[in-house]
Amino acid sequence: MTTEPPYLRIAGEIRRRITSGELGPGDPVPSTRRITQEWGVAMATATKALAALNQEGLVRAVPGIGTVVAENGRERATAPGRQLSRERIIRTAIALVDEEGLAALSMRRMATEFGTSTMALYRHVPSKGELVRLMSEAVFGSGPPGPRPTGWRPQLEREARWLWKQYEQHPWLARAMANLTRPMASPNAMHYLERVLSALTGLGLTPKQMLHIHLTVLGYAQGVAMAVELESQARQDSGMSATEWMTSMEPRMDAIQTTAAYPVLSALSVEDGFELQLGTLFEFGLGRVLDGVEVLVEGVDRT
């Protein structure tokens, strides 16, 4: 049996107070500090509990006062299914998985989020797999803003950077779409493919070469993006950012390096002050991948 996360239990108790009338419109709800004291949780958990209630429209933030019950908060809290629709299920699922990862998603969990039954959800979305597909489809719903640049390389850079931005904003997306040999039936994702192939059209490349270029760039972006999801999960598990974790590991790393077993690595760490940033890594690798594509394009016989 899945244990309900602490922030959901806290949100549920505050929701109960609103539903029962114990807290009325305009009344302050427990602050994050009060929640940490009353429930014995971390500040981040308290913040998530209030954010969940805010997303439901039950509470609102008032400058200088704090978080209070919204004017129609009680009606929202007691409304069965709270305006259940496919679009709202998708939006809520994306927000949930952005915060907690794909492993947190289940139809039972979504029913808890809406205060309804799993059967009510199935009337709108037939399965978890289909929900993930719809979530991915929604993320791919809009392409890069602005006019399309000139030249195949600027166009591929634009598409790859747009894709990377989606992966940064939605760490679960790379894993959800990672199976290159069994792609999702996603019209919006196909629009991305169409834009990439259009950038490669007219260069003298064979259809197989064009598809391999697309899959190489896509696979590279997905591979680096997997680290975004891992970092997000590690932050939840440890409660530390990557920088805080590295700081905690410094004594152990220094002890290892003083053995002189890794002279090249030690020299790089000291002289260059290297700090891994996934965005910087992505840009560096993207440049090298496209350098290789450029060699291929320049070598095409157009006679």
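In case you missed it, the structure is sitting above this.
Residues numbered from 1 in each chain as written. Predicted model: local features only at pLDDT ≥ 70, side-chain atom pairs only at ≥ 80, totals over all residues. Heavy atoms only, no water.

Colleague: Which parts of the structure should I look at to understand the overall build of the protein?
Modeller: Looking only at helices and strands, the protein features 15 helices and 2 strands. Expressed as a percentage of its 303 residues, the buried residues of the protein come to 39%. Nonlocal contacts in the protein, meaning residues at least 24 apart in sequence, comprise 67% of its contacts between residues at least 6 apart. Of the accessible surface of the protein, which amounts to about 17200 Å², a share of 57% is contributed by carbon and sulfur atoms. (Helix = DSSP H or I, 4+ residues; strand = E, 2+ residues; numbered from the N terminus. Buried < 20%, exposed > 50% of the residue type's maximum accessible area, 1.4 Å probe, protein only. Contact = heavy atoms within 4.5 Å. Areas by Shrake-Rupley, 256 points an atom, 1.4 Å probe, with all protein chains shown as cover.)

Colleague: Just checking my understanding: could you explain the packing of aromatic side chains for this structure?
Modeller: Aromatic ring pairs are defined here through the distance separating the ring centres and the angle between the ring planes. Summed over all chains, the structure comprises 5 aromatic pairs. Their ring planes at 5 degrees and their centres at 4.6 Å tell us that Trp-164 and Phe-282 sit as a pair that is stacked. Taken together, the residues Trp-164 in helix H9 (residues 152-169) and Phe-282 in helix H15 (residues 278-298) connect sequence positions 118 residues apart. Residue Trp-164 shares its accessibility class with Phe-282, and that shared class is buried. Consider the rings of Tyr-220 and Phe-282, whose centres lie 5.7 Å apart with planes at 15 degrees: the pair is stacked. In this pair, Tyr-220 sits in helix H12 (residues 207-238) while Phe-282 sits in helix H15, placing the two residues 62 residues apart along the sequence. Taken together, Phe-140, Trp-162 and Tyr-192 form an aromatic cluster joined through their ring pairs. (Phe/Tyr/Trp six-rings, centres within 6.5 Å; stacked < 30°, edge-to-face > 60°.)

Colleague: Help me understand the pattern of salt bridges, please; the structure alone is not making it clear to me.
Modeller: When their charged atoms lie close together, side chains carrying opposite charge are able to pair. Within this structure, the stated rule accounts for 14 salt bridges. Between Arg-153 and Glu-157 there is a salt bridge, with its nearest N and O atoms 3.5 Å apart. A residue pair is termed a helical-turn pair when its members lie 3 or 4 positions apart in one helix, as Arg-153 and Glu-157 do in helix H9 at 4 residues. The same class applies to Arg-153 and to Glu-157, which are both buried. The salt bridge partner of Glu-159 is Arg-195, with a shortest N-O separation of 2.9 Å. Residue Glu-159 is located in helix H9, and its partner Arg-195 is located in helix H11 (residues 187-200); the two are separated by 36 residues in the primary sequence. We classify Arg-195 as partly exposed; its relative accessible area is 22%. Residues joined by salt bridges that share partners form a network here, namely Glu-13, Arg-16, Arg-17, Glu-22, Arg-34 and Glu-38. (Salt bridge = Lys/Arg side-chain N within 4 Å of Asp/Glu carboxyl O.)

Colleague: Looking at this model, I keep getting lost on empty space enclosed by the protein. Mind explaining?
Modeller: Think of a ball as big as a water molecule: rolled over the atoms, this probe shows where empty space is left. Per the counting criterion, the structure on display carries 2 cavities of 30 Å³ or more. Within this model, the second largest cavity holds a volume of roughly 40 Å³. Taken together, Leu-156, Glu-159, Ala-160, Tyr-192, Val-196, Ile-213, His-214 and Val-217 make up the lining of the second largest cavity. When contributions to the lining of the second largest cavity are tallied by element, the ones reaching two or more residues are H9, H11 and H12. (1 Å grid on protein atoms, 1.4 Å probe; cavity = no way out; pocket = protein on both sides within 12 Å on 5 of 7 lines; lining within 4 Å. Points joined across faces, edges and corners; volume = space filled by probe spheres on them.)

Colleague: Hey, could you run me through the environment of Pro-6 in this one?
Modeller: Residue position: Pro-6 is located in helix H1 (residues 6-20). Overall, the relative accessible area of 37% leaves Pro-6 in the partly exposed class. For the pair Pro-6 and Ala-42, spaced 36 residues apart in sequence, the C-alpha to C-alpha distance is 9.9 Å. Beyond its immediate sequence surroundings of up to four residues, Pro-6 is in contact with Val-41 and Thr-45.

Colleague: Explain the side chain of Glu-159 here, please?
Modeller: Accessibility expressed as a relative area gives 4% for Glu-159, which makes it buried. Residue contacts for Glu-159: discarding those within four places in its chain leaves Pro-144, Tyr-192, Arg-195 and Val-196.

Colleague: Sorry, what's going on with H15 here?
Modeller: Because each turn of an α-helix spans 3.6 residues, side chains separated by three or four positions end up pointing in the same direction. In a regular helix each residue adds 1.5 Å, so 21 residues correspond to 30 Å; H15 covers 30 Å between its end C-alpha atoms and thus fits that length. Inspection of H15 places Phe-282, Gly-285, Leu-286, Gly-287, Leu-290, Val-293 and Val-297 among the buried residues, and these make up the whole buried set. (Expected span 1.5 Å × (residues − 1).)

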